[in-house]
Amino acid sequence: MTDLTPDRIMELGTSFWRAKTLLSAVELGVFSALAGGPLDAAALSQRLGLHSRSARDFLDALVAMGMLDRQGDRYRNVPDTDLFLDRAKPTYMGGILEMMNARLYGFWGSLTEALRTGEPQNELKTGGGNLFEALYSDPTLLRVFLQGMTGVSLGPARVMARKFPWKRYRTFADIGAAQGGLPVQIALAHPHLTGVGFDLPAVQPIFEEYVASFGLADRLRFQAGDFFRDESLPTADVLVMGHILHDWNAEEKRRLLGKAYAALPTGGALIVYEGIIDDERRRNVFGLMMSLNMLIETPGGFDYTGADGAGWMREVGFREATVEPLTETHGMVVGTK
Ligand SMILES: C[S@@+](CC[C@H](N)C(=O)[O-])C[C@H]1O[C@@H](n2cnc3c(N)ncnc32)[C@H](O)[C@@H]1O
């Protein structure tokens, strides 16, 4: 006899049911519809266009998962879904979930093929180029992707704003800044700083719109460029690379780190942040899943441990490289020139 049960295996094996229920709720705008106040199932169904067969189970499943509350027959948002999943609020972070729903949910259906072939399973399967060329040829995908990046980076960016000694520096540049999620958080927390968001030209209007919505256009500007094709990266006291290195293979990672080193003044710092995998590669599930996600999304990208990141930094010349946790999922490797 054994005390073992299959419960946790079943729970993990069916976890995509829960994930997809939340992704569909974001797609349908459940949390935005309830931001104005509680509604009963009939009113909510009409707003969202739900079929009568699905509404009760869908909404009650969201209650059971703690994403909604129900009092009497009326549904309401709970505090975190109201703050982060109402499209009308500046704190909205559903972009990343919209992207997961619109793209990755389907692409991950081909994970087994990716595991066998090592080949990407996204838009690259049918077209050439790289992920960004594929994404940026469609204006809707471009916006969804860039907003999605803000959703991923907001939490780590807020911690980095507190943890890194920004008082010692005056300028920073976020390399591959996307919508500007990180530069905005750093600039809000440190009024003495001015910053640059460096990214491909297609990103400019979306970056500038987001920065202006926080009244930061006088301290954060966009610089268009290509970090592989341009001879050099922007110069600043601090360079940041968030979720950049994991998109590329080992040789490309080193090339980007070398360019960052060359662009920094002596005493300057490079902060690399993403879902840094623990050195023993047995705890950070998010980092390991992200690395599999890079298998789906890119020809050679992968996530890596803090020791790997610090080692590459020292190889390209940084005199010191240290690793620090940011959130449960994210960490930063800081190199000093
Ligand atoms: C995965 S996103 C990370 C965005 C942001 N740093 C964050 O962590 O939220 C990668 C970013 O790199 C940018 N990027 C990709 N290739 C680039 C290139 N060759 N030159 C400059 N930026 C590039 C993309 O446009 C995108 O904004």
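In this text the structure is predicted, and so the values were computed from the model without any measurement.

Rules of the game
- Residues numbered from 1 in each chain as written.
- Predicted model: local features only at pLDDT ≥ 70, side-chain atom pairs only at ≥ 80, totals over all residues.
- Heavy atoms only, no water.
- Domains from an automatic or database assignment.
- Contact = heavy atoms within 4.5 Å.
- Buried area = accessible area lost by both parts, 1.4 Å probe.
- Salt bridge = Lys/Arg side-chain N within 4 Å of Asp/Glu carboxyl O.
- Helix = DSSP H or I, 4+ residues; strand = E, 2+ residues; numbered from the N terminus.
- Nonpolar A, V, L, I, M, F, W, Y, C, P; charged D, E, K, R; others polar.
- Buried < 20%, exposed > 50% of the residue type's maximum accessible area, 1.4 Å probe, protein only.
- Pairing = 2+ DSSP bridges.
- Right-handed = clockwise from strand over helix to strand, strands pointing away.
- Near = heavy atom within 4 Å.
- Polar contact = N/O pair within 3.5 Å; in protein donor to acceptor, adjacent residues only side chain to side chain.
- Areas by Shrake-Rupley, 256 points an atom, 1.4 Å probe, with all protein chains shown as cover.
- Axes fitted to C-alpha atoms, helices over the stretch in contact; angles between N-to-C directions.

Structural notes on the domain arrangement of the protein
- Along its sequence, the protein is carved into domain 1 (7-84) and domain 2 (94-336).
- Listed by partner, the interface residues are 8 residues for domain 1 and 6 residues for domain 2.
- A combined buried area of about 650 Å² lies between domain 1 and domain 2, and 69% of that area is made up of carbon and sulfur atoms.
- Of all residues in domain 1, the largest losses of buried area upon contact with domain 2 belong to Lys-20, Leu-23 and Val-26, amounting jointly to 64% of the total for that side.
- For the pair domain 1 and domain 2, the interface holds 0 salt bridges.
- When residues in the side of domain 1 that touches domain 2 are grouped by element, the largest group, 7 residues, is from helix α2 (residues 15-28).
- Classifying every residue of the side of domain 1 that touches domain 2 by side-chain character gives 5 nonpolar, 1 polar and 2 charged.

A short note on unusual backbone geometry
- Its identity as a non-glycine residue notwithstanding, Ala-178 has a phi of 55 degrees, on the positive side.
- Structurally, Ala-178 can be placed in the loop between β4 (171-175) and α11 (181-189).

As for the pairing of strand β5 (residues 194-199)
- Of all 6 residues making up β5, 5 are buried, and the element is well covered by its neighbours.
- Summarising the sheet, β4 and β5 pair through 5 bridges and their orientation is parallel. Each residue of the ladder has a partner; that of Thr-171, found in β5, is Thr-194.
- Crossover β4 to β5 through α11 is right-handed.
- In this sheet, strand β6 (residues 220-224) lies alongside β5 in parallel orientation, the contact comprising 5 bridges. Pairing of Gly-197 across the sheet is with Phe-222, part of β6.
- Once you follow β5 into helix α12 (residues 204-213) and on to β6, the crossover reads as right-handed.

A few points about the site of the ligand
- The immediate surroundings of the ligand are formed by 18 residues, with Tyr-136, Ser-153, Gly-176, Asp-199 and His-243 found nearest.
- Between Tyr-136 and the ligand, the recorded distance is 2.5 Å, taken from a side-chain N or O atom to an oxygen atom.
- At 3.4 Å, a side-chain N or O of Tyr-273 approaches an oxygen atom of the ligand.
- Bound to the protein, the ligand loses 96% of the 600 Å² it would expose on its own.
- Elements that contribute at least two residues to the shell around the ligand include exactly α9 (131-136) and α10 (139-163).
- Looking at the shell around the ligand, the element that brings in the most residues is α10, giving 3 residues.

Things to note about the environment of Arg-143
- Note that Arg-143 resides in helix α10.
- A relative accessible area of 31% places Arg-143 in the partly exposed class.
- Each C-alpha atom, one on Arg-143 and one on Val-211, is 15 Å from the other, the two residues being 68 residues apart in sequence.
- Among all residues touching Arg-143, those that are not within four sequence positions of it are Ile-206 and Glu-209.

With respect to the sheet that holds strand β2 (residues 68-71)
- Taken together, the 3 strands give an open sheet; going across it, the order is β1-β3-β2, and neighbouring strands pair in antiparallel fashion. Bordering the open sheet on either side are β1 (39-40) and β2, each of which pairs with just one other strand.
- When β1 meets strand β3 (residues 74-77), the two strands line up antiparallel, connected through 2 bridges. Bridged to Leu-39 within β3 is Tyr-75.
- Here helix α5 (residues 52-64) sits on the sheet and contacts β2 and β3; the angle it forms with β2, its principal contact strand, is near 110 degrees.

Structural notes on the pairing of strand β7 (residues 238-242)
- A large share of β7 lies buried, amounting to 5 of its 5 residues.
- Neither face of β7 is left uncovered, since the one carrying Val-238, Val-240 and Gly-242 and the one carrying Leu-239 and Met-241 both have all their residues buried.
- Bridge analysis of β7 against strand β8 (residues 269-274) gives 5 bridges, and the strand direction is parallel. When the sheet's bridge partners are listed, Met-241 is paired in β8 with Val-272.
- In this view, the connection linking β7 to its parallel neighbour β8 by way of helix α13 (residues 250-263) has right-handed handedness.

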